[in-house]
Amino acid sequence: MIPRTAPHTHVGYRAIHHLSDLLSVYSARTVFLVTGNRSFTSSGAEDIVRPMLLSCDIRRFYDFSVNPNIQDLRHGLDLYRQYKPDLILAIGGGSVIDMAKLISIFAKQNMDPEQDVLQHRPLTGRVIPFIAAPTTSGSGSEATQFATLYINQHKYSVSHHSLLPDVAIVDPELTYRLPPLLTAISGMDALSQAIESYWSVRSTEESKRTARAAIRTITDHLQEAVHHPTNTSRFALAKASHLAGRAINVTRTTAPHALSYPLTSHFGVPHGQAVSLTLPHFLIFNYGVTGRDLVDQRGVAYVEDTLTQISRDLGCRTVRDASIKLQNIMRNVGLATTFAELHVDKGRAIQLVLDEMNTERLANNPRTPTYLLMKSMLDAIA
């Protein structure tokens, strides 16, 4: 069997109503429903979905942290194994979908998931259907074959082709009640993913087309969706987030993500905020690539052209202008652009970031981010 590279996708208004037919297609009688603690109700998803689930026996799992950790995963696995469902349904943000992914695959393993992850054991793929419906426009997790798991405050990425949902339902109606700050945080996460995918050393012509569409759409609609949301802006962000997810499923993320995880695990900085903090600065950093620190084998000129194209997609003539524009967008939607605005201990934060940089993500960056160069860049983010 050849692994799929994308889920079967329903995108658009009222797309969530495909769920009724899908439950019938998969002959689902027992459903393991993974949701957020409050977001399932506050997003309006519960009111929409509950009537479709009346014919099913439901076990809901929602009691877990914002950032999936090993203790929560073990709890979810216990419930899953007791219940023995015939379908997994995840409705929520990226953490919710990631948790459902982790449960779906580790339920098939014979050992404790912590040992599987730390020892890089080969994983057996899941066997029951999995449907994901995001209630935020940010992570794109419904379109990727990897999931994030924190063990002892360290971030690990679990990757396997069967983590990709069978079906992704991207309905902007599920994001209508998303508060302004969460709209901003998730939107900048999607924009970061799209930009990083575009400059990644793993990029292809197809992934770049997908990423460019996401970059342009998010740039055009994020501020409106935060301050004066309309059906048009909500739909645009939902679709662009899904496109960004498809792009990073090909390329993986790069340096801004690599540096973001310690800020989230040690200081509780929301993921989209943590990633976007360094994104504008990496535009300039990567544009300064030379033959001595080049990672992308397509060459220095190729990397420079790539960064120039990203700048144009952001509506700017130069990379420096694009960096400034990204910071202005962040300020306009209420996000921090400095450590001071995050209200964290800058010295400790920088040291933790430098000590715990994710080397897997760094390897995808077109320019080598050395310790000294990263320290200099982070010091400049006052």
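Look above for the structure.
Notes on the structure in this doc start here. This structure is a prediction, so every number in the text was calculated from the model and none was measured. (Residues numbered from 1 in each chain as written. Predicted model: local features only at pLDDT ≥ 70, side-chain atom pairs only at ≥ 80, totals over all residues. Heavy atoms only, no water.)

Remarks on the overall build of the protein
Move 1: Looking only at helices and strands, the protein has 17 helices and eight strands in total.
Move 2: The globule rule puts the C-alpha radius of gyration for 382 residues at 21 Å, and the 20 Å found for the protein is close to it.
Move 3: Dimensions of the protein along its principal axes, counting C-alpha atoms only, are 60 × 45 × 45 Å.
Move 4: Of all 382 residues assigned to the protein, the portion counted as buried reaches 59%.
Move 5: For the protein, the proportion of contacts with a sequence separation of at least 24, taken over those separated by at least 6, is 79%.
Move 6: With an accessible surface of roughly 15500 Å², the protein has 50% of that area assigned to carbon and sulfur atoms.
Move 7: Across the protein, the 37 positively charged side chains and the 34 negatively charged ones have centroids separated by 2 Å. (Helix = DSSP H or I, 4+ residues; strand = E, 2+ residues; numbered from the N terminus. Rg over C-alpha atoms; globule rule 2.2 N^0.38 Å. Buried < 20%, exposed > 50% of the residue type's maximum accessible area, 1.4 Å probe, protein only. Contact = heavy atoms within 4.5 Å. Areas by Shrake-Rupley, 256 points an atom, 1.4 Å probe, with all protein chains shown as cover. Lys, Arg positive; Asp, Glu negative; His and termini not counted. Charge placed at Lys NZ, Arg CZ, Asp CG, Glu CD.)

A closer look at the packing of aromatic side chains
Move 1: In total, this model carries six aromatic pairs according to the counting rule given.
Move 2: When the centroid spacing of 5.5 Å and the interplanar angle of 80° are considered together, the rings of F32 and Y80 count as edge-to-face. In this pair, F32 sits in strand β2 (residues 30-35) while Y80 sits in helix α4 (residues 70-83), placing the two residues 48 residues apart along the sequence.
Move 3: Ring centres of F282 and F285 lie 5.6 Å apart, and the angle between their planes is 85°; on these two criteria the pair is classed as edge-to-face. (Phe/Tyr/Trp six-rings, centres within 6.5 Å; stacked < 30°, edge-to-face > 60°.)

Description of the layout of surface pockets
Move 1: The calculated volume of the largest pocket comes to roughly 1300 Å³.
Move 2: Looking at the lining of the largest pocket, the elements that each hand over two or more residues are α2 (39-42), α5 (94-106), β6 (146-151), β7 (154-159), α7 (180-199), α10 (255-267) and α11 (271-287).
Move 3: If you tally residues by element for the lining of the largest pocket, the top one is α7, at five residues.
Move 4: Residue composition of the lining of the largest pocket, by class: 17 nonpolar, 27 polar and six charged.
Move 5: Computed from the structure, the second largest pocket encloses a volume of approximately 490 Å³.
Move 6: Along the wall of the second largest pocket there are 26 residues; nearest its centre are H120, K155, Y156, S157 and E360.
Move 7: By residue number, the principal contributor to the lining of the second largest pocket is β7, which donates six residues. (1 Å grid on protein atoms, 1.4 Å probe; cavity = no way out; pocket = protein on both sides within 12 Å on 5 of 7 lines; lining within 4 Å. Points joined across faces, edges and corners; volume = space filled by probe spheres on them. Nonpolar A, V, L, I, M, F, W, Y, C, P; charged D, E, K, R; others polar.)

Side note on the nonpolar core
Across soluble globular proteins, nonpolar side chains have a tendency to be buried as a group.
Move 1: Judged by nonpolar contacts, the single largest core of 59 residues is most densely connected at I195, L259, L283 and F339.
Move 2: Ranked by residues supplied to this core, first place goes to α7 with nine residues.
Move 3: Other than its neighbours up to four places away in sequence, F339 contacts L263, L277, V344, K346, A349, I350, L378, I381 and A382.
Move 4: Grouped together as the second largest cluster of nonpolar side chains are 31 residues, Y80, I97, M99 and F130 included. (Core = buried A, V, L, I, M, F, W, Y, C linked by side-chain atoms within 4.5 Å.)

Some remarks on the pattern of salt bridges
In a structure, side chains of opposite charge can pair up when their charged atoms sit close to one another.
Move 1: Tallied over the entire structure, the rule returns 11 salt bridges.
Move 2: Salt-bridge contacts for R74 lead to D112; the nearest nitrogen and oxygen are separated by 2.8 Å. Pair noted here: R74 is in helix α4 and D112 is in the loop between α5 and α6 (113-118), with a separation of 38 residues, a long-range link.
Move 3: A relative accessible area of 29% places R74 in the partly exposed class.
Move 4: Residues joined in a network through salt bridges with shared partners are R74, D112 and E114. (Salt bridge = Lys/Arg side-chain N within 4 Å of Asp/Glu carboxyl O.)

Here's the deal with the environment of L191
Move 1: Mapped onto the elements, L191 comes out in helix α7.
Move 2: When sequence neighbours within four positions are dropped, the list of residues in contact with L191 reads I215, I218, T219 and L326.

Here we look at unusual backbone geometry
Leaving glycine aside, a negative phi is the common case for residues, and trans is the common case for peptide bonds.
Move 1: Its identity is not glycine, yet N152 carries a phi of approximately 55°, on the positive side.
Move 2: Judged by relative accessible area, which is 59%, N152 ranks as exposed.
Move 3: One non-glycine residue, R252, lies in the positive phi region at around 70°.
Move 4: Relative accessible area serves as the criterion here: at 13%, R252 is assigned to the buried category.

Brief notes about the packing of helix α15 (residues 346-355) against helix α17 (residues 371-380)
Move 1: The N-to-C vectors of α15 and α17 enclose an angle of 150°; their axes lie 10 Å apart at closest approach. Here α17 runs roughly antiparallel to α15, going by the angle between their axes. The interaxial crossing formed by α15 with α17 has right-handed handedness. Packed against α15, whose contacting residues are K346, I350, Q351, V353, L354 and D355, the element α17 presents Y371, M374, K375, L378 and D379 at the interface. (Axes fitted to C-alpha atoms, helices over the stretch in contact; angles between N-to-C directions. Parallel < 35°, antiparallel > 145°, perpendicular 65-115°, else oblique. Left-handed = near helix turned anticlockwise from the far one by under 90°.)

Let's talk about the sheet that holds strand β3 (residues 57-61)
Paired through their backbone hydrogen bonds, the strands of a sheet run either parallel or antiparallel.
Move 1: As summarised here, the arrangement of the six strands in space is β1-β8-β5-β4-β2-β3, forming an open sheet in which the pairing is parallel. The strands lining the two open edges of the sheet, one partner per strand, are β1 (8-11) and β3. If you compare each strand with its neighbour and ignore which way they point, the axes differ by 15° on average.
Move 2: Against the sheet, helix α1 (residues 18-25) contacts β1, β2, β4 (87-92), β5 (130-134) and β8 (167-170), and its axis sits at roughly 165° relative to β8.
Move 3: Running at roughly 165° to β4, α5 makes contact with β2, β3, β4 and β5 of the sheet. (Pairing = 2+ DSSP bridges.)

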